[in-house]
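What the coordinates show
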Amino acid sequence: MNRYRIATIPGDGIGNEVVPAAQQVLERAGSHFGITLEWNELEWSCEYYARTGRMMPANGLDTLAEHDQIFLGAVGYPGVPDHVSLWGLLIPIRRAFRQYVNLRPVTLLPGIDSPLRAVPEGGIDFVVVRENNEGEYSEVGGRMYRGTPDELAVQEAVFTRRGIERVMRYAFDLAGRRAGRLASATKSNGIIHSMPFWDEIFRELGSEHPGVETSEYHIDALAALFVLDPARFDVVVASNLFGDILTDLGAAIIGSIGIAPSANLNPEGDFPSMFEPVHGSAPDIAGTGRANPLGQVWAGAMMLEHLGHADAADAVMGAVSHVLAETGVRTPDLGGTASTSEVTDELLTALETEV
Ligand code: NAI
Ligand code: MG
């Protein structure tokens, strides 16, 4: 039986709008492929924090561990500092469950105009593999002499051989299954300890993978190339911070941050993985019913694929492409006038022809 227990964390703001929309689409796709998704909704959010002083209960990670996968909307709301929502929920989940790969496809879908000039259909199709457990997002450091003219802050980045190797091995394997090109984001001219270490390991692994063509770019130049020549990329591997910045840029060049998906993967399957859109809780549009559900839906397709149901994932993405290319139904971030529920209904209709 293909029955899965999925923990859902809609979170804050538009997370509460796009998660239920995506659940409808995934359930419909699942029913065509003999997949049952048992959703267990958890109310963990900034609202929960305001009531309890925690983003999730003390045994929250144990609760999540009882599930096959985690489906998350977004957390963060005005009034709760962003580092509280991030370090109280997302980062503990990513780390405790060794979700060391953050996979972010950057694909221009049919029917969408990139803000870049003259990108042909299919002209942007790459994947960013972001290191998700260490690097610049570190708890090592401190502050001293607060409130005096001598005030200072020190924040150390942490790069381990084990952490770099495992994410790079994932990226090399992925490139081997795609077009066979892997680019590494570095900054070894300015950051003279951790980034040369990153580069050394990249070259070591490159010599083990002669079938993959490798290249290295300083992060600043790489960002420019995302705009000037996105067709050059197949797979890009980057540290935690570099990957985070690159993927917001990636989301922008494929038309809207409302479309871009993200998978936090524990590739070994020892722990649940977590699937979420790249975007946040969008307090500026929350409650208006105009949030684009496609990023959440695409994240759901990645979840189906990770569960081993590529056919169901393809059906979902086929429906997304159909709605974008063949119907005018789209939310305002893509230049349309449709609501979240109108787009969702259109996806449900399109699914009937995709399966
Ligand atoms: P954001 O992604 O929430 O919003 C940026 C802009 O994109 C806004 O103008 C918003 O309206 C628009 N947008 C985002 N998603 C959209 C969608 N699905 N449809 C249509 N328009 C959409 O980023 P922002 O404003 O920097 O952060 C807002 C809150 O979200 C903060 O508290 C932040 O910490 C949190 N956040 C949470 C993330 C997560 O849970 N993984 C990721 C990023 C931000
Ligand atoms: Mg980000």
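Residues numbered from 1 in each chain as written. Chains lettered and ligands numbered in written order. Predicted model: local features only at pLDDT ≥ 70, side-chain atom pairs only at ≥ 80, totals over all residues.

Across its full length, the chain holds eleven helices and twelve strands. In terms of C-alpha radius of gyration, the chain reaches 20 Å, essentially the compact-globule figure of 20 Å for 355 residues. Overall size of the chain, expressed as C-alpha extent along the three principal axes, is 55 × 50 × 40 Å. Long-range pairs, those at least 24 residues apart, make up 76% of the contacts in the chain with a sequence separation of at least 6. (Helix = DSSP H or I, 4+ residues; strand = E, 2+ residues; numbered from the N terminus. Rg over C-alpha atoms; globule rule 2.2 N^0.38 Å. Contact = placed C-beta atoms within 7 Å.)

Backbone hydrogen bonds hold the strands of a sheet together, and the pairing may be parallel or antiparallel. Here ten strands make up an open sheet; going across it, the order is β2-β1-β3-β12-β11-β4-β5-β10-β8-β9 and the pairing mixed. At either end of the open sheet lies a strand with only one pairing partner, and these are β2 (35-41) and β9 (213-218). Taken over all neighbouring pairs, the strand axes of this sheet differ in orientation by 25 degrees on average, direction set aside. Looking at chain direction, strand β8 (residues 181-186) and β9 are connected through six bridges and run parallel. By the bridge assignment, Ala183 is partnered in β9 with Ser215. In the packing of helix α5 (residues 161-177) onto the sheet, the strands contacted are β4 (101-107), β5 (125-131), β8 and β10 (235-238), and the crossing angle to β5 comes to about 165 degrees. (Pairing = 2+ DSSP bridges. Axes fitted to C-alpha atoms, helices over the stretch in contact; angles between N-to-C directions.)

This brings us to the UniProt feature "domain: Isopropylmalate dehydrogenase-like" (unreviewed entry) in the chain. Per the UniProt record, the feature "domain: Isopropylmalate dehydrogenase-like" (unreviewed entry) sits at residues 5-347. Across residues 5-347 one finds 41% helix and 20% strand; the C-alpha atoms that close the span lie 24 Å apart. (UniProt positions renumbered as here; feature names shortened; annotations may be inferred.)

Our focus in this paragraph is the confidence of the model for the chain. A residue-level look at the chain finds 100% of positions with pLDDT of 70 or above and a mean pLDDT of 96. In the predicted complex, the global pTM is 0.95; the interface-specific ipTM is 0.97. (pLDDT = per-residue confidence, 0-100.)

What follows is about the site of ligand 1. By nearness alone, 24 residues border ligand 1, and Gly76, Gly258, His279, Gly280 and Asn292 come closest of all. With three residues, the top contributor of residues to the shell around ligand 1 is helix α4 (residues 82-96). (Near = placed C-beta within 6 Å.)

For helix α7 (residues 219-228), the complete set of buried residues consists of Ile219, Leu222 and Phe226. Projected down its long axis, α7 shows its buried positions confined to an angular sector of 55 degrees, all on one face. Exposed positions of α7 whose direction lies more than 90 degrees from the buried face are Asp220, Ala221 and Leu228. Turning to α7, the residues buried within the fold contact β8, β9 and α8 (240-253). (Buried ≥ 20, exposed ≤ 12 C-beta atoms within 10 Å, placed from the backbone. Arc of directions from axis to C-beta.)

With that settled, the discussion passes to the environment of Trp198. Along the chain, Trp198 turns up in helix α6 (residues 194-208). Not counting residues up to four positions away in its chain, the partners in contact with Trp198 are Phe159, Ile164, Thr186 and Ser239.

To continue, consider α8. Between its first and last C-alpha atoms α8 spans 20 Å; for 14 residues at 1.5 Å apiece the expected length is 20 Å, and the two agree. Buried within α8 we find Asn240, Phe242, Gly243, Asp244, Leu246, Thr247, Gly250 and Ala251. Residues of α8 that are buried make contact with β4, β5, β8, α7 and β10. The first or second residue beyond α8 is Gly255, which carries a positive phi of 110 degrees. (Expected span 1.5 Å × (residues − 1).)

Segmenting the chain into domains produces domain 1 (1-103 + 256-355) and domain 2 (113-253). Taken over C-alpha atoms, the centre of domain 1 sits 24 Å from the centre of domain 2. Taken together, the contacts link 14 residues of domain 1 with 17 residues of domain 2. Those elements that place two or more of their residues in the side of domain 1 that touches domain 2 are α4 and β4. For the side of domain 1 that touches domain 2, the residue count by class is eight nonpolar, three polar and three charged. (Domains from an automatic or database assignment. Nonpolar A, V, L, I, M, F, W, Y, C, P; charged D, E, K, R; others polar.)

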